[in-house]
Structures are given as C-alpha cells and as structure tokens.
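Close look at the chain arrangement
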Amino acid sequence: MRESPHLGATVTPLAGAGQRLAVVGQPPAADGPDAGRARDAKPEAGLERTLLYVARTPDPLLCAYLKSRGWEVATARTVHEASRLVKPEAAYAGIVDLTGFAPREFAGLETILRLQQVGWIALTDDSRLTDAEVRRLIRHYCFDYVHVPVAHATLDYLVGHAFGMVSLCDLDTPAAAGSPDEDEMVGTCEAMQQLFRTIRKVANTDATVFISGESGTGKELTALAIHERSARRKATFVPINCGAIPHHLLQSELFGYERGAFTGANQRKIGRVESANGGTLFLDEIGDLPMESQASLLRFLQEGKIERLGGHEQIPVDVRIISATHVDLEAAMRDGRFRADLFHRLCVLRVDEPPLRARGKDIEILAHHVLHKFKQDSARRIRGFTPDAIEALYNYNWPGNVRELINRVRRAIVMAESKLISAEDLDLAHFTAQQTVTLAQAREAAERRAIEAALLRHRHRLTEAAADLGISRVTLYRLMGTHGLRDEKTFFGGEAENQAELPPDAHD
Ligand SMILES: Nc1ncnc2c1ncn2[C@@H]1O[C@H](COP(=O)(O)OP(=O)(O)OP(=O)(O)O)[C@@H](O)[C@H]1O
Ligand SMILES: [Mg+2]
C-alpha cells in the first residue's frame, strides 16, 4: 500500500489537510477521496476568515482577490508589524512571502512563524530553496509552500486548508473547548494524509492488513480506524497483545477451550478469534506469537475454521485479521522465529506508520491537542507552550513517538509553574537551540535517551533492554535511578513485566 511521498516543489493539493480522522463515533467514509478537501476549504459557520499576509512588497492584486473570496486580510511588511496584528486566541491563515526577506531577517521571521494560531503557506522561489535555513523554516512551520508566481485561486485554496487546520486546533475558541473525541487521529503532514488515504482504501476490503511502525506511533489506533470504516464496524473489534500473554496461555486465549480440556477447565471458554466473529481481530505484537500459535493461526487463515482446545468440532469463524508489530519481522523470519508462510498470509496489505520525528508541524499540533485534552489536570489555566518548548519539541527525536509526546505533555501540565509549558517542564531543556550544552550534559542526555529508547522498545522488560544496551540488568536499574526513570513506566506505558519497581535480580 505504499505510495510515493510528497515531493512536490510546487503546489500539491493538501488532500484532507486540517482533518482529524475521527475513529470512534463517526460514521464511515460515505465520502469520496476529496470530501475532506471541499469541507476544509469552506469557512466554518460564524468563524471570521482572517488572513495575515507578510511580505516586503505585498501584492495589491492578491490582497484584492483574497478579500473578494471572503478573507479579512491584514498586511504586514515587517515582523514587528505582523506580531502587532495577531490577536491572541484568534485563528489566522498566513501567507509569508520569503522572497523579499534577507537571510539575516529569518530569525525575526521565525518568531512569527512559530505562532501556533497561524497556519502558514510560504511563497518562495528556486534560489531561496537552496538555503537550508529557508527549507528548515518551511518544514517546521508551514503547511505548504508554493513557487512564485502562483495563481491566486491556488493560494486561496491552500490558505483555506491552513485556516481550517488552525481553527480546529485553536485551543481557546468556544468551538474547541468541548470535550474532544477520545480516539481521534490527528495528522496534517503528507505522511499522515497518506496514512489516512491508505486507511480508507484498506477499510474497503476484507484482506489481512499488517501494520508496521515504531513503538507508540499509533498502530492500534490505525487498526481501530480501519475497523470503524469497514463493513464490519457494527461487529466487535477484538484486540489481543500477543506479547503480554504468557506463551502457555496464548493458545487457549486465542482459540478457547472445552470444559474438561485440562485440569481447571471447569467450563467452556470462547477464544478471542471466535469472539471476534463478524468483526475484526487485532493481533498486536504478532512477532511475539509462539511457534505453536503461529501454526494454529496459519491453519485458521487457510481454512477459516477453528478448533477449541479439547474439542473436536471445526467451527467456522468469519473475522478480518489486522496484525502489528514494532519489531523487525523480516529479521525474525530470517532467524527462523517467525514463519514466512504465515507472514505472507498476514501481510496482504501493508500499512507503515510514520515515526513522530518525521511528521513536521504535526508534532506541535499534537502537543496542543494533548494539552487541550488534559489541561484540566492542572489547577492553573495553562495556555500553551513557550518558544523554547516548541523548539525542543522539534529538536527532540521522539523514540517513543506519540505515546511519549502524550506522556511528556501530561506530565508537563502537572509540573508547569506558569501558564506556559516550558522545555524544562517537558524535560527537554537540553533540546533548545539557545541552551549551551556542556559535553557532560550532552553525554548524560544521550545516555538517558538511549535508556529510555531501550526501555520503550522492550516495554520495560529490563533484562532485554539491558541486553540491547550492552550492560547488566543491575547497571541498568542503577542508571534508571540516576536518570529518574524508575517511575517512567507510568509515563511511558510499560506494560509487560513492569520490573522497574522491583529490586534488580540478585543473580544478574
Ligand atoms: N495520530 C494520532 N493522533 C492522536 N493520538 C494518537 C495518534 N497516534 C497515536 N495516538 C495516541 O498515542 C498513543 C499510542 O498509540 P497506539 O497505542 O495506537 O500506538 P502503537 O503503535 O500501537 O504503540 P505500541 O507499539 O507501543 O503498541 C495512544 O494513546 C493513541 O491514542
Ligand atoms: Mg500497540
């Protein structure tokens, strides 16, 4: 299901930009591929469409055209003028014409590009794009960019999307102040738009889907989105984490058992496969499936029938299977730990989750989304992030992806001592550009990141994380204490052994 990524140097339509893919409680896609587009381009009822146009020499024809399209246009020739025009808590579309500004003015421009309530479209030319700083500004802060000259209608279309997006994310408008959907998927970057398109396509079929992606990227959310948009949405979505269930129990958990099948089997138990009949079975961490269960699953995929443990009856079951893993299944197949024939059955369609660090402005949008969702956890009225915090969000590598971002922002909401969350509240002070970092600090940060990443990769299974890091479990436990990571399982979603609270193994 891979398609070529967004490489457009000129205008590429932002299909569905500004859209959140509501996963729960939303009717399935009765829409065509362009439905999000058309909706987003229109102003929301009662919302004034304000546009900030920043250019050394603003184009009067463009201003007139945008006004004729219903935009309230405010023009600024300097950064100072622009920052005076922006009212807090209002949403704006923004056009920034980078062709008229000198490189020494970029630092100033960055302060306005950072304003989270403005959805920017950059105007540029080929020569500007050779400047790495210009490319960085566009990547970090803009929804899209276009080469000049550009058709006015195209710009109207793009700013419509950008405005739609920031209006959704504007934290303090009454429209956004209601309780947000529990399980919505937020994403505006091309990689996420691609993912949303893929979800819609695969939802229309009954073929098996294999979702691959780093830990915390949203694999389960994607599986649920596929189910919710499929013909099976009225039946159940049954998730099972193959890595969290002891191997000897997995077979009966998946396929169930008959009364008397083994000592203690006092009554019949229906397995997860059977309970998903008519719906979708989500096999998470499929790489952890033991060989015995791999064989049974393969048989089920071939025959569409299961046999409960201790039973003799072949029971037909109609389920759609979605599986996921954050480990390298190709390597597992090479090592003989995973059956290639099963993998090919499971992976008729493949979905790849982009890591958070590759999602550009979505990092900031997600941070605001999480803040909005959980800000009531703080007694203070937290209003946003400091510029340092935003800088750090972009500079950090996010090994734990969206889950880590959620946990860092939630922790920051509780820790923040002012109305704005700082890089320090996010525990990302080392990732601000302004900060001078000593070698010792850099080493410490790198060590902490490596430990965090290993713990994340292995869901707090200390023995495996320590092996990955090439240290003993005792050393890992000590270092977790040094870096204040012993309680992190609550923040980073450790779920398996949760040994972080336990004293280290005496035999280690
Ligand atoms: N695009 C998104 N928008 C909003 N929330 C998201 C998004 N992607 C993931 N999340 C949230 O991030 C958290 C992690 O997502 P999820 O459990 O689906 O990830 P995962 O890839 O299955 O992780 P793991 O590999 O650890 O099992 C969840 O709370 C989910 O709701
Ligand atoms: Mg998962």
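Overview of the overall build of the protein chain
- Scanning the protein chain for helices and strands turns up 21 helices and 16 strands.
- Taken across its 508 residues, the protein chain has 41% of its residues classed as buried.
- Partitioning the intrachain contacts of the protein chain with sequence separation of at least 6 by distance along the chain shows that 75% fall at a separation of at least 24.

Observations concerning the nonpolar core
- By size, the foremost hydrophobic cluster in this structure holds 66 residues, and its most contacted members are Ala367 and Leu405.
- Both domains that furnish three or more residues to this core are identified here as domain 2 (190-352) and domain 3 (357-427).
- Look past the residues within four positions of Leu405 in its chain and what remains in contact with it is Leu356, Leu366, Ala367, Val370 and Trp398.
- Formed by 40 residues, the second largest nonpolar core is a distinct cluster that contains Leu51, Ile138, Phe143 and Leu158.

Some thoughts on the site of ligand 1
- In the vicinity of ligand 1, 17 residues are found, and the nearest of them are Val186, Gly218, Lys219, Glu220 and Val402.
- Taken together, the residues of the shell around ligand 1 sort by class into five nonpolar, seven polar and five charged.
- Per-domain counts for the shell around ligand 1 show at least three residues from each of domain 2 (190-352) and domain 3 (357-427).

Structural notes on the environment of Val317
- Note on placement: Val317 falls in the loop between strand S12 (315-316) and strand S13 (320-325).
- Residue classification places Val317 among the partly exposed positions, given that 19 C-beta atoms sit within 10 Å.
- Taking C-alpha positions, Val317 is 7.0 Å from Ile306, a pair spaced eleven residues apart along the chain.
- In contact with Val317, other than residues within four places in its own chain, are Val273, Glu274, Asn277, Gly304, Lys305 and Ile306.

Topic: the sheet that holds strand S5 (residues 118-124)
- Pairing in this open sheet of five strands is parallel, and the strands run S3-S2-S4-S5-S6 from one edge to the other. What marks the edges here is a single partner per strand, and that holds for strand S3 (72-76) and strand S6 (142-147). Each adjacent strand pair in this sheet contributes to an overall mean axis angle of 20°, direction not counted.
- Two elements, S5 and S6, share five bridges in a ladder whose sense is parallel.

Topic: the packing of helix H15 (residues 362-374) against helix H17 (residues 401-415)
- The interhelical angle for the contact between H15 and H17, taken along N-to-C directions, is 50°, at an axis separation of 9 Å. One element, H15, and the other, H17, form an angle in the oblique class. Two packed elements cross with a definite hand, and for H15 against H17 that hand is right-handed. In this structure, H15 contributes Leu366, Ala367, Val370, Leu371 and Phe374 to the contact, and H17 contributes Val402, Leu405, Ile406, Val409, Arg410 and Ile413.

Observations concerning unusual backbone geometry
- Along the chain, Val148 connects to Pro149 via a cis peptide bond; the corresponding omega equals -5°.
- With phi around 50°, Glu285 is a residue other than glycine that occupies positive phi space.
- A residue is classified by how many C-beta atoms lie within 10 Å of it, and Glu285, with 21 of them, is buried.
- Its identity is not glycine, yet Asp427 carries a phi of approximately 60°, on the positive side.

Concerning the sheet that holds strand S8 (residues 209-212)
- Within the open sheet, the five strands sit side by side as S9-S10-S13-S8-S14. Their pairing is parallel. A single partner strand is all that each edge strand has here, and the edge strands are strand S9 (237-241) and strand S14 (349-352). On average, each strand axis in the sheet is inclined to that of its neighbour by 20°, with strand direction left out of account.
- Direction of pairing for S9 relative to strand S10 (residues 280-284): parallel, over a ladder of five bridges. Of the residues in S10, the one forming a bridge with Phe237 is Thr280.

Digging into the packing of H15 against helix H16 (residues 387-395)
- One way to put it is that H15 packs onto H16 with a least axis distance of 9 Å and a crossing angle of 125°. It follows that H15 is oblique to H16 by the angle criterion. Between H15 and H16 lies a crossing whose hand is right-handed. Along the contact surface, H15 presents Ile363, Glu364 and Ala367, while H16 presents Ile390, Leu393 and Tyr394.
- Here the residues of the contact of H15 with H16 sort into five nonpolar, no polar and one charged.

Side note on H15
- End to end, H15 covers 18 Å across 13 residues, agreeing with the expected 18 Å (1.5 Å per residue, within 8%).
- Buried residues of H15: Asp362, Ile363, Glu364, Ile365, Leu366, Ala367, His368, His369, Val370, Leu371 and His372, and no others.

Focus: the pairing of S8
- Sheet topology places S8 next to S13; four bridges connect them, and they run parallel. Residue pairing across strands places Ser212 opposite Thr325, the latter belonging to S13.

A few points about the environment of Pro290
- Tracing the backbone shows Pro290 in the loop between S10 and helix H12 (291-303).
- Along the backbone, Pro290 and Cys242 are 48 residues apart, and their C-alpha atoms lie at a distance of 8.7 Å.

Describing the environment of Arg69
- Structurally, Arg69 can be placed in the loop between helix H2 (60-68) and S3.
- The exposure class of Arg69 is partly exposed, given the 18 C-beta atoms found within 10 Å.
- Expressed as a C-alpha distance, the spacing of Arg69 and Asp156, which sit 87 residues apart in the sequence, is 7.6 Å.

Cut-offs applied
Counting from 1, residues in each chain are numbered in the order their sequence is written. The lettering of chains begins at A and the numbering of ligands begins at 1, in the order of writing. Per-residue local features are limited, in this predicted model, to residues with pLDDT of at least 70; the limit for side-chain atom pairs, both in listing and counting, is 80 or more; totals at the level of whole chains, interfaces and linings are taken over all residues. We count a stretch as a helix when DSSP gives it H or I for four or more residues in a row; a strand needs E for two or more, and each element gets its number in order from the N terminus. Around each residue's C-beta, the other C-beta atoms within 10 Å are counted; 20 or more make the residue buried, 12 or fewer make it exposed, and counts in between make it partly exposed. All C-beta atoms are placed from the backbone. Each residue is represented by a C-beta atom placed from its backbone, and any two residues with such atoms within 7 Å are regarded as in contact. Definition of nonpolar core: a set of buried Ala, Val, Leu, Ile, Met, Phe, Trp, Tyr and Cys residues joined via C-beta atoms within 7 Å. The start and end points of each domain follow an automatic or database-based domain assignment. For each residue, a C-beta atom is placed from the backbone, and the residue counts as near a molecule or strand when that atom lies within 6 Å of it. Asp, Glu, Lys and Arg are counted as charged, while Ala, Val, Leu, Ile, Met, Phe, Trp, Tyr, Cys and Pro are counted as nonpolar; the rest, among them Gly, fall into the polar class. For two strands to pair, DSSP has to find at least two bridges joining them. Axes, fitted as lines to C-alpha atoms, cover a helix only where it is in contact. Angles between the N-to-C directions of the axes lie from 0 to 180 degrees. Throughout, the term roughly parallel applies to angles under 35 degrees, roughly antiparallel to angles over 145, roughly perpendicular to angles from 65 to 115, and oblique to all others. Handedness of each helix crossing follows the sense of rotation of the near helix against the far helix: counterclockwise by less than a right angle gives left-handed, clockwise gives right-handed. Here, expected helix span is obtained from the residue count minus one, scaled by 1.5 Å.

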